[in-house]
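This is what each chain is made of:
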Amino acid sequence: MGIGTFFPNPTGALVGTDRTHALSPALAKVLRALARVLLRQGMPYRVLDEIARKAFVDVAAAEFGIPGRKLSDSRVAVLTGLTRKEIRRLRRAASHGDDGAVDRYHRAARVVSGWVRDARYRDGGGRPARLPFEGRGATFSALVRRYAGDVPPRAVLDELVRVGVAARCADGRVRLCGRAYVPRAAAGERVAILGTDVSELIATIDHNLAAGDGQPFFQRKVAYDNLPAEVLPAFRALTARRAQALLERFDGWLAKRDRDVNPAVRGSGRWRAGVGIYYFEAGEPQGGNGNGP
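Undergrad: Kindly report on the overall build of the protein, identifying the contributing residues and their values.
TA: Looking only at helices and strands, the protein has 10 helices and four strands in total. Across the protein, helices and strands are ordered from the amino to the carboxyl terminus as β-α-α-α-α-α-α-α-β-β-α-β-α-α. Buried residues in the protein amount to 21% of all 293 residues. Considering only contacts in the protein between residues 6 or more positions apart, those separated by 24 or more positions represent 51%. Here the protein displays about 21,000 Å² of accessible surface, and carbon together with sulfur accounts for 56% of that area.

If you want it as structure tokens, here you go:
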């Protein structure tokens with residue numbers, strides 16, 4: 001298999017039980033991958049069941065109302081298949097999530113990308129400069145204020161040093177050791193951040209399924225299924241190098257147009273857009289009894 005693409009076919013739209021039958025195999029595959037994560041992290045099914053019920057009610061209430069009419073529990077019951085009593089309970093329940101973990105991730109990542117890309121924080125050779133922590137001109141504190149807002153620069157430095165992407169020099173300056181922020185937080189925080197990536201991919205697929213002849217979002221992958229294990233290390237290195245370079249180009253383009261980074265940008269609305277790249281592999285060692293997805 002080579003490069004794959006997805007184009008929705010509006011003329012083949014499914015309804016009723018046909019749609020359910022078509023979705024079921026895809027959903028089973030998604031849930032098997034999710035079940036692997038949940039079981040590894042020690043989460044029992046009953047917790048997933050409660051979160052799934054809450055998600056169904058929240059989305060039905062937020063996105064599937066009838067314009068001009070108040071959304072009733074009966075309407076949500078029809079959409080979700082849950083009882084009105086259960087819906088009332090779930091609508092009162094607190095939402096799950098860790099927006100704080102995701103926000104910390106984005107702020108740290110923006111500091112690193114600004115250090116790599118912004119000419120004010122590069123040396124004469126075009127490399128990320130060793131920065132004094134504070135003072136006048138190009139300092140680490142100024143970098144943090146520009147790309148992470150009101151987060152204390154010391155807290156950002158401690159986090160970047162902790163994950164190995166920055167280091168303190170003997171002369172008190174700070175140097176960049178890597179070109180990307182990859183958190184090494186507690187398992188729960190890592191899962192919260194990864195949940196953002198998975199939800200964004202599913203949102204892209206949902207958009208493409210509904211787009212019809214409109215404008216589908218870019219959704220491609222390349223994969224081959226009969227590769228020897230010996231080629232994988234070279235492919236991992238190739239994808240890491242090329243994907244990082246591509247993401248840095250996208251980062252530079254977006255940063256010039258983001259109003260948090262560049263307050264002079266004008267325009268309407270507040271939108272979030274980006275591109276995600278992921279690597280995957282699954283093996284069948286000893287010729288065919290593997291545990292790939």
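After presenting the structure, the write-up continues.
Undergrad: Can you explain a positive patch on the surface? Please cite residues and give values.
TA: Residues Lys-29, Arg-32, Arg-36, Arg-40 and Lys-221 make up a contiguous surface patch of positive charge. Note on placement: Lys-221 falls in strand β4 (residues 220-222). Given the relative accessible area of 43%, Lys-221 is considered partly exposed.

Undergrad: An account of helix α4 (residues 84-92) is needed here, citing residue identities and associated values.
TA: Those residues of α4 that sit buried are Glu-86, Ile-87 and Leu-90. Along the long axis of α4, the arc covered by the buried residues comes to 100°, so they all point the same way. Opposite the buried face of α4, at more than 90 degrees from it, the exposed residues are Lys-85 and Arg-92. The elements touched by buried residues of α4 are α2 (45-63) and α3 (73-80).

Undergrad: Can you tell me about a nonpolar patch on the surface, naming the residues and giving the values?
TA: Together, Leu-27, Val-30, Leu-31, Leu-34 and Val-37 make up a nonpolar patch on the protein surface, roughly 390 Å² of accessible area in all. Assignment of secondary structure puts Leu-34 in helix α1 (residues 16-40).

Undergrad: Could you give me a rundown of the pattern of salt bridges, with the residues and numbers involved?
TA: According to the stated counting rule, one finds 19 salt bridges in the structure shown. Between Asp-251 and Arg-117 there is a salt bridge, with the nearest N and O atoms lying 2.8 Å from each other. A residue pair is termed long-range when its members are at least 10 positions apart, and Asp-251 in helix α9 (residues 232-255) and Arg-117 in helix α5 (residues 99-117) qualify at 134 residues. For Asp-251, a relative accessible area of 26% puts it in the partly exposed group. Arg-179 serves as the salt-bridge partner of Glu-248, at 2.7 Å between the closest nitrogen and oxygen. In this pair, Glu-248 is assigned in helix α9 and Arg-179 in the loop between β3 (174-176) and α8 (187-211), connecting sequence segments 69 residues apart. Counted as one network, the salt bridges with shared partners bring together Asp-49, Glu-50, Arg-53, Glu-86 and Arg-89.

Undergrad: Which residues make up the packing of helix α6 (residues 140-148) against helix α7 (residues 153-162), and what are the values?
TA: Running from amino to carboxyl end, α6 crosses α7 at an angle of 100°, the nearest separation of the two axes being 9 Å. Classified by the angle their axes make, α6 and α7 are roughly perpendicular. Counted together, Phe-140, Ser-141 and Val-144 of α6 and Pro-153, Val-156, Leu-157 and Leu-160 of α7 form the full contact between these two elements. Residues belonging to the contact of α6 with α7 are distributed by class as follows: six nonpolar, one polar and no charged.

Undergrad: Go over α6 with me, naming the residues and quoting the values.
TA: Most of α6 is tucked away: seven of the nine residues are buried. The set of residues buried in α6 consists of Phe-140, Ser-141, Ala-142, Leu-143, Val-144, Tyr-147 and Ala-148. Backbone geometry just after α6 places Gly-149 at a positive phi near 70°.

Undergrad: Go over the nonpolar core with me, naming the residues and quoting the values.
TA: Nonpolar side chains tend to gather and get buried jointly when the protein is soluble and globular. Grouped together as the largest cluster of nonpolar side chains are 26 residues, with contacts concentrated most on Val-111, Trp-115, Tyr-121, Leu-131, Phe-140, Leu-143 and Leu-160. Of all elements in the fold, only α5, α6, α7 and β3 reach the threshold of two or more residues within this core. With six residues, α6 is the single largest residue contributor to this core. Beyond its immediate chain neighbours, meaning those up to four positions away, Tyr-121 contacts Gly-114, Trp-115, Arg-127, Pro-128, Ala-129, Leu-131, Ala-138, Thr-139, Ala-142, Leu-143, Arg-146 and Tyr-147.

Undergrad: Kindly report on the packing of aromatic side chains, identifying the contributing residues and their values.
TA: This structure, assessed with the given rule, holds four aromatic pairs. Consider the rings of Phe-133 and Phe-140, whose centres lie 6.0 Å apart with planes at 25°: the pair is stacked. The burial state of Phe-133 is the same as that of Phe-140; both residues are buried. An aromatic cluster of three or more residues is present, and its members are Trp-115, Phe-133 and Phe-140.

Undergrad: Can you lay out the state of the cysteines for me, pointing to particular residues and giving the numbers?
TA: Enumeration according to the criterion identifies zero disulfides in this entry. Of all cysteine sulfurs, the one in Cys-177 lies closest to Cys-169, which takes part in no disulfide; the gap is 8.0 Å. Overall, the relative accessible area of 14% leaves Cys-169 in the buried class. Owing to a relative accessible area of 39%, Cys-177 belongs among the partly exposed residues under this scheme.

Parameters at a glance
Residues numbered from 1 in each chain as written. Predicted model: local features only at pLDDT ≥ 70, side-chain atom pairs only at ≥ 80, totals over all residues. Heavy atoms only, no water. Helix = DSSP H or I, 4+ residues; strand = E, 2+ residues; numbered from the N terminus. Buried < 20%, exposed > 50% of the residue type's maximum accessible area, 1.4 Å probe, protein only. Contact = heavy atoms within 4.5 Å. Areas by Shrake-Rupley, 256 points an atom, 1.4 Å probe, with all protein chains shown as cover. Patch = residues over 30% accessible without salt bridge, like charges linked within 9 Å, V, L, I, M, F, W, Y side chains within 5 Å. Salt bridge = Lys/Arg side-chain N within 4 Å of Asp/Glu carboxyl O. Lys, Arg positive; Asp, Glu negative; His and termini not counted. Charge placed at Lys NZ, Arg CZ, Asp CG, Glu CD. Arc of directions from axis to C-beta. Axes fitted to C-alpha atoms, helices over the stretch in contact; angles between N-to-C directions. Parallel < 35°, antiparallel > 145°, perpendicular 65-115°, else oblique. Nonpolar A, V, L, I, M, F, W, Y, C, P; charged D, E, K, R; others polar. Core = buried A, V, L, I, M, F, W, Y, C linked by side-chain atoms within 4.5 Å. Phe/Tyr/Trp six-rings, centres within 6.5 Å; stacked < 30°, edge-to-face > 60°. Disulfide = S-S within 2.5 Å.

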